[in-house]
Amino acid sequence: MKKNDFLKNKTLLITGGTGSFGKNFARHLLENHSLKKLIVFSRDELKQSVMAEEFKDDRVRFFLGDIRDLSRLQRAFHGVDIIVHAAALKQVPTLEYNPIEAVKTNVLGTQNVIEAAVDQGVSKVLLVSTDKAAQPVNLYGSTKLCAEKLFIASNVYAGEYTKFSCVRYGNVIGSRGSIIEILLKNKNKESICLTDERMTRFWLRLEESFQLVLFALKQMEGGEIFIPKKVPSMSIKDIFETIAPNLKKEVSGIRPGEKIHEVLLTAEEARHSLELDSYFVILPEHKYINSLRFKKHKTKGKKIPADFSFTSDTNTLQMSRNDLLKIAKELEKQML
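Notes on the structure follow. For every chain, the first residue of its written sequence is number 1, and the numbers climb from 1 along that sequence. Local features in this predicted model are restricted to residues whose pLDDT is 70 or higher, and side-chain atom pairs enter the listing and the counts only when it is 80 or higher, whereas totals over whole chains, interfaces and linings include all residues. As a rule here, side-chain values cover all heavy atoms of the structure and leave hydrogens and water aside.

1. Quick look at the overall build of the chain
By the criteria applied, helices consist of DSSP H or I runs no shorter than four residues and strands consist of E runs no shorter than two, each listed in order from the N terminus. When helices and strands are tallied, the chain shows 12 helices and 17 strands. Here the C-alpha radius of gyration of the chain, 20 Å, is about what a compact globule of 336 residues would show, namely 20 Å. The dimensions of the chain, computed from C-alpha atoms along their principal axes, are 55 × 50 × 45 Å. A total of 336 residues make up the chain; the buried ones form 53% of that total. By the convention used here, residues are in contact when the closest approach between their heavy atoms is within 4.5 Å. Relative to all contacts within the chain whose residues are 6 or more apart in sequence, the contacts with residues 24 or more apart total 80%. Where accessible areas are quoted, they stem from the Shrake-Rupley method and a 1.4 Å probe; at the residue level, only the protein chains shown are allowed to cover. Just so you have it, the chain exposes about 16,200 Å², and 50% of that area is on carbon and sulfur atoms. Mean positive and mean negative side-chain charge positions of the chain (52 and 41 charges, respectively) differ by 4 Å. We take the radius of gyration over the C-alpha atoms and set the globule estimate at 2.2 Å times the residue count to the 0.38 power. Accessible area is worked out with a 1.4 Å probe on protein chains only. A residue is then buried under 20% of its type maximum, exposed over 50%, and partly exposed in between. For the purpose of charge, His is not counted, nor are the chain termini; Lys and Arg are scored as positive and Asp and Glu as negative. A charge is said to be at NZ when it belongs to Lys, at CZ for Arg, at CG for Asp and at CD for Glu.

Right, here's the structure in full:
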């Protein structure tokens, strides 16, 4: 366990706690921090039972429920110190054809999380967002942008007690259903579909997403969006050719709601953002949130040049094929 552990004796709840991020983040917390209690909140009873068998830790509690249900959240959040809000519907093409469901979970469900957290006196609440929320072109990204806006604005009526902030990052290598996992499972087939060879994406390891979330939880004053700065990009074409070079690629075209390149920080957001050693911090531009609370960030950070944007195609940090192969081998062992 870490010395000076800021999570020591805290009760932390993860919404969407049985998802790829939630499950692995829960394991990381239990192995590295002295939590009083960890609550896994999700609607999937099967995944919860499997997870309970794997973890076998007296500090873990499993709460069955849906973030669409405000009364259930009120009960679950009672006595909780910190919430990491990771529950969301995320499949881009699916949500294009089921828009109301996306809004009910990602927007209205997030509103429920906010209201229950304020009512129950939770100290810190952190939203796990996505690069698709920056200049969104699909419904998933649009709902996550709404969720970010709700979180930032909630600092006004939460007073000084409950703080709301966000983290925003790109694709996680090895998450359930990721392109890398799909390629590893299908690399012995004759052919596979590739949407567009020009596509580039930001790629983050699960461990790096944990560090971003923990950094944000420790440093947040309420109202920030934290973005990883040292995150590599790679084209979909290079990923295919590295992991499955012998597979015949059948180009199917861009699916509904997809971008060629992703954005983590827009030029408009950069005007009210700071650059730290490893992260960008977007500060709220509205005057209704007292800017004095961000003195710590302003002391440590520096202003970002005008018209700067952080996009997957212009990112100077590119993932090498050797690094990708090493990661792929590790994932393949885990999948056996």
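2. A word on the nonpolar core
Grouping buried Ala, Val, Leu, Ile, Met, Phe, Trp, Tyr and Cys residues that are joined through side-chain atoms within 4.5 Å yields what is termed a nonpolar core. Counting 74 residues, the largest nonpolar core has Leu12, Phe21, Phe25, Leu29, Phe77 and Val167 as the members making the most contacts within it. Once you skip the residues sitting within four places of it in the chain, Leu29 turns out to touch Leu7, Leu12, Ile14, Leu35, Leu38 and Leu214. If you look at the next biggest cluster of nonpolar residues, it comprises 20 residues, including Ile192, Leu194, Met234 and Leu331.

3. Details of unusual backbone geometry
One non-glycine residue, Gln135, adopts positive backbone phi at about 50 degrees. You can see Gln135 is positioned in the loop between β5 (124–130) and α6 (139–157). Even without being a glycine, Asp307 presents a positive backbone phi close to 70 degrees. Positionally, Asp307 belongs in the loop between β16 (302–303) and β17 (310–311).

4. Observations regarding the sheet that holds strand β3 (residues 60–64)
Paired strands, in this sense, are two strands between which DSSP finds at least two bridges. Across the sheet, 10 strands lie side by side as β3-β2-β1-β4-β5-β6-β10-β15-β14-β16; this open sheet has mixed pairing. Two strands lie at the open edges of the sheet, namely β3 and β16, each paired on one side alone.

5. Examining the environment of Arg198
Considering the arrangement of structural elements, one finds Arg198 in the loop between β8 (191–194) and β9 (200–204). Between the C-alpha atoms of Arg198 and Leu29, which are 169 residues apart in sequence, the distance is 38 Å. Non-local contacts of Arg198, meaning those with residues more than four positions away in its chain, are made with Ile260 and His261. What qualifies as a polar contact is a pair of N or O atoms within 3.5 Å, subject to a donor-acceptor requirement within protein and to the restriction that residues adjacent in sequence count only when both atoms come from side chains. A polar side-chain atom of Arg198 sits 2.9 Å from a polar atom in the side chain of Asp196.

6. Considerations on the pairing of strand β15 (residues 279–282)
Every second residue of β15 is oriented toward a common face, with Tyr279 and Val281 on one face and Phe280 and Ile282 on the other, all of them buried. Judged from the 4 bridges that link them, strand β10 (residues 225–228) and β15 form a sheet pairing that is antiparallel. Bridged to Phe226 within β15 is Val281. Relative to β15, strand β14 (residues 273–275) runs antiparallel, the two sharing 3 bridges. In the strand pairing of β15, Leu274 is matched with Val281. Here β14 folds back onto β15, and the loop between the two strands holds 3 residues.

7. A word on helix α1 (residues 20–32)
Because an α-helix completes one turn every 3.6 residues, residues spaced three or four positions apart along the sequence face the same direction. What a helix should span is 1.5 Å times the count of its residues minus one. For α1, with 13 residues, the first-to-last C-alpha span of 18 Å sits near the 18 Å given by 1.5 Å per residue. For α1, the complete set of buried residues consists of Ser20, Phe21, Gly22, Phe25, Ala26, His28, Leu29 and Leu30.

8. A word on the side chain of Glu269
Relative to the helices and strands, Glu269 resides in helix α10 (residues 267–270). Overall, the relative accessible area of 14% leaves Glu269 in the buried class. Engagement of the side chain of Glu269 in a polar contact is seen with the side chain of Arg168, the distance being 2.9 Å. Among all residues touching Glu269, those that are not within four sequence positions of it are Arg168, Leu264 and Ile282.

9. Let's talk about the packing of helix α5 (residues 99–119) against α6
Here an angle of 0 to 180 degrees is reported between the N-to-C directions of two axes, which are lines fitted to C-alpha atoms, with helices fitted over the stretch in contact. Remark: α5 packs on α6, axes separated minimally by 10 Å, with the N-to-C direction vectors making an angle of 15 degrees. Here α5 is positioned roughly parallel relative to α6, judged by the angle of their axes. For the pair α5 and α6, the sense of crossing is right-handed. Across the interface between the two elements, Pro99, Ala102, Val103, Asn106, Val107, Thr110, Gln111, Ile114 and Val118 of α5 pack against Leu139, Tyr140, Thr143, Cys146, Ala147, Leu150, Phe151, Ser154 and Tyr157 of α6. Gly is put with the polar residues, along with every residue not named as nonpolar or charged; the nonpolar set is Ala, Val, Leu, Ile, Met, Phe, Trp, Tyr, Cys and Pro, and the charged set is Asp, Glu, Lys and Arg. The class makeup of the residues in the contact of α5 with α6 is 13 nonpolar, 5 polar and no charged. Put simply, angles under 35 degrees are roughly parallel, angles over 145 are roughly antiparallel, angles from 65 to 115 are roughly perpendicular, and the rest are oblique. Should the near helix be turned counterclockwise from the far one by less than a right angle, the crossing is left-handed, whereas a clockwise turn marks it as right-handed.

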